[in-house]
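One letter stands for each residue in the lines below.
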Amino acid sequence: MKKLLALALGVALGLAQTPSPEALKGLKPEEALALAKRWREEGQRVVSYVTPEAFFFEFPDGRKAQVALKDRFLLAIAPYVSRTHPCQVHYFSSCTGELQEEVFEVRVLEGEKEVLKTQVRSGKDGFFELWLPRNRRYTLEIRWGNLAATGSVATFSQSPTCLTGFRFASR
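Residues numbered from 1 in each chain as written. Predicted model: local features only at pLDDT ≥ 70, side-chain atom pairs only at ≥ 80, totals over all residues. Heavy atoms only, no water.

**Q** Describe in detail the packing of aromatic side chains, supporting the description with residues and values.
**A** Geometrically, a pair of aromatic rings is defined through the distance of the ring centres and the angle of the planes. Throughout the structure, instances matching the rule amount to twelve aromatic pairs. Seen from their ring centres, W39 and F57 are 5.9 Å apart, and the 85° between their planes marks the pair as edge-to-face. On the criterion of sequence distance, the pair formed by W39 in helix α3 (residues 29-41) and F57 in strand β2 (residues 54-58) is long-range, its members being 18 residues apart. As far as the burial class goes, W39 and F57 line up, both buried. On the basis of an interplanar angle of 65° and a centroid distance of 6.4 Å, the ring pair of F55 and W131 is categorised as edge-to-face. Here W131 lies in strand β8 (residues 128-133) and F55 lies in strand β2, a separation of 76 residues in the sequence. (Phe/Tyr/Trp six-rings, centres within 6.5 Å; stacked < 30°, edge-to-face > 60°. Helix = DSSP H or I, 4+ residues; strand = E, 2+ residues; numbered from the N terminus. Buried < 20%, exposed > 50% of the residue type's maximum accessible area, 1.4 Å probe, protein only.)

**Q** Describe in detail the nonpolar core, supporting the description with residues and values.
**A** Counting residues in each nonpolar core, the largest one holds 20 residues, and the members touching the most others are I77, F104, V106, F128, L140, I142 and F166. Only β4 (72-77), β6 (103-110), β8, β9 (137-144) and β10 (147-154) provide two or more residues apiece to this core. The contacts of V106, once residues within four sequence positions are left out, are L116, K117, T118, V120, F128, L130, L140, E141 and I142. Membership of the second largest hydrophobic core comes to 18 residues, among which are L27, V50, F55 and L74. (Core = buried A, V, L, I, M, F, W, Y, C linked by side-chain atoms within 4.5 Å. Contact = heavy atoms within 4.5 Å.)

Treat this as a map of the structure, not an account of what it does.
Here is the structure:
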């Protein structure tokens, strides 16, 4: 209980948001994701990226920290119309996609079974994120107005966390 009160007080005072390894202690993966995105938007000089196993953070003073992803896999996806970049590991601190702050309809299928159907909004960086179970193969369908992009994704230990190959075409 004391730890929870200290964390709440730290967040209220803005202390937990200061870029440092201490700000990441005890955070869940979703909270580490939110912090990585916030630090980028604030222009903090923190290098942050996600591998299949964890979020990694490198601070200006040379210190490093990580937050384990545990039982799920994070995919960062930047669909595009005309411009993209090759990427395997998603860097929250620097990767930028073409379609920023856009709303997409997303479906994830495992075989014929629909695993997820949702509406997402890309961030200021042009990416949206999906949390999926590990060690599986999926079909990802993304729709944006009258355009669609479809492809295979996987969540294995060697799978990419940065997906930039979903090019929109008329459906």
